[in-house]
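Each chain, written out:
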Amino acid sequence: MSAATQNAQQNPITRTIAADMEAVNTVIRARLQSEVALVNQIAEYIISAGGKRIRPVLVLLLANAYGYKGTGHHELAAVVEFIHTATLLHDDVVDESSMRRGRQTANAMFGNAASVLVGDYLYSRSFEMMTSLDNMRIMQILSRATTVIAEGEVLQLLNMHDPDVTQDSYLRVIRSKTAKLFEAAAQLGALVAGANDAQIDAAGEYGRSLGTAFQLIDDVLDYAGDAAEIGKNVGDDLREGKPTLPLIYVMENGTPEQRELIRSCIEQGDETHFDAVLAAVTNSGALDYTRREAETAARRAAASIADLPDSEYKASLLQLCAFAVDRNH
């Protein structure tokens, strides 16, 4: 039994799909093979780092919840994971990140150029895989998702070091950059199982809302988390000049002194005042507000699958909603 299968069986959310997760990992290993050694080395480095694999899990749980009995969901789950991994490689270069999932980032290990190019390889491989499935609807969902994700990356870049970003503008970035792939993964699971359009739309709403909840809690953990648990450096968002929701809340609702501190730190990408910023986001209620917004999104996700027939897979989907907001990593 592989480590992936053991982890899936031990996790109450993924225990029902442990065999599917093992099959997905087999597909991932097979499709990663390249005649270029550095491609194999970097791709293996990223994939072996693990992570929660939430997006492939969504494909598998939704497919099973709608009674799918084939194996196409394994290929789709691998495609989604490849797209996600490609975005991570590119993100870490853009953000100049040095740590992810408790290890050095690929760009820190292998350099920016290699990371970008292997990210391109993973994107290309994912499209090669999806075309082999010969389903136009699948290609439409995934090609649209990758376009929206790229737009979200550019929107986030435009927002960097801008202390006047509004909550609506920031939520648009979340919906594009993070929630869109959650949405696509859930839609694909329902689609491959033969769900109707209304059911596919409901699955998409589930994924979109769940992804929003996950990102908002990530925003909280960047100020209130533990680096060893969250697997990245606490305060990275501040160093990168990212106006995430806790900071936006302080800018809109804090005292004049708090607002001036946040404005300066966002403009300068100044993490040297992290403790003062943490005090501001805590004392202003910004972290509590962001957590409440995440809880609202998680409830919306749960409500969107209310009509899904009861099953162990639906139960796991509902557990994911709770996990999204109750986690510490």
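Before going into details, it helps to say that this report is about the structure given with it. Note that the structure is a prediction, hence the values are computed from the model and not measured.

**A few points about the packing of aromatic side chains**
Per the stated rule, a full pass over the model turns up four aromatic pairs. Ring centres of Y223 and F274 lie 5.9 Å apart, and the angle between their planes is 10°; this geometry places the pair in the stacked category. Remark: F274 occurs in helix 15 (residues 274-283) and Y223 occurs in helix 10 (residues 197-224); sequence separation between them is 51 residues. Classification of Y223 as buried rests on a relative accessible area of 2%. On the basis of relative accessible area, F274 is assigned to the buried category, the value being 15%. Feature note: the residues F182, F214 and F323 constitute an aromatic cluster, connected by ring pairs.

**Looking at the packing of helix 2 (residues 18-31) against helix 4 (residues 54-65)**
Interhelical geometry of helix 2 versus helix 4 gives an angle of 130° and a closest axis separation of 10 Å. By the angle between their axes, helix 2 is oblique relative to helix 4. Seen along the crossing, helix 2 lies across helix 4 with a hand that is right-handed. The residues of helix 4 that touch helix 2, namely those facing D20, M21 and V24, are V57, L60 and N64. Here the residues of the contact of helix 2 with helix 4 sort into four nonpolar, one polar and one charged.

Reading guide: rules and limits
- Counting restarts for each chain, with residues numbered from 1 along the sequence as it is written.
- With the structure being a predicted model, the display of local features is reserved for residues of pLDDT at least 70 and the display and counting of side-chain atom pairs for 80 or more, all residues being used for whole-chain, interface and lining totals.
- Side-chain metrics rest on all non-hydrogen atoms present in the structure, leaving aside hydrogens and water.
- Pairing of aromatic rings covers Phe, Tyr and the six-membered ring of Trp, with a centre-to-centre limit of 6.5 Å; geometry is then stacked below 30 degrees between planes, edge-to-face above 60, and tilted otherwise.
- Helix numbers and strand numbers start at the N terminus; a helix is a DSSP run of H or I with at least 4 residues, a strand a run of E with at least 2.
- Here the term buried applies to any residue with accessible area under 20% of the maximum for its type, exposed to any over 50%, and partly exposed to those in between, with areas from a 1.4 Å probe on protein chains only.
- Simply put, an axis is a line fit to the C-alpha atoms, just over the touching stretch for a helix, and the angle between two N-to-C directions goes from 0 to 180 degrees.
- Angles are sorted into four bins: roughly parallel if under 35 degrees, roughly antiparallel if over 145, roughly perpendicular if 65 to 115, and oblique for all others.
- Here a crossing is called left-handed whenever its near helix is offset anticlockwise from the far helix by less than a right angle, and right-handed whenever the offset is clockwise.
- Throughout, a contact is declared for two residues whenever any of their heavy atoms are within 4.5 Å.
- In this classification, the charged set is Asp, Glu, Lys and Arg, the nonpolar set is Ala, Val, Leu, Ile, Met, Phe, Trp, Tyr, Cys and Pro, and all remaining amino acids, among them Gly, are polar.

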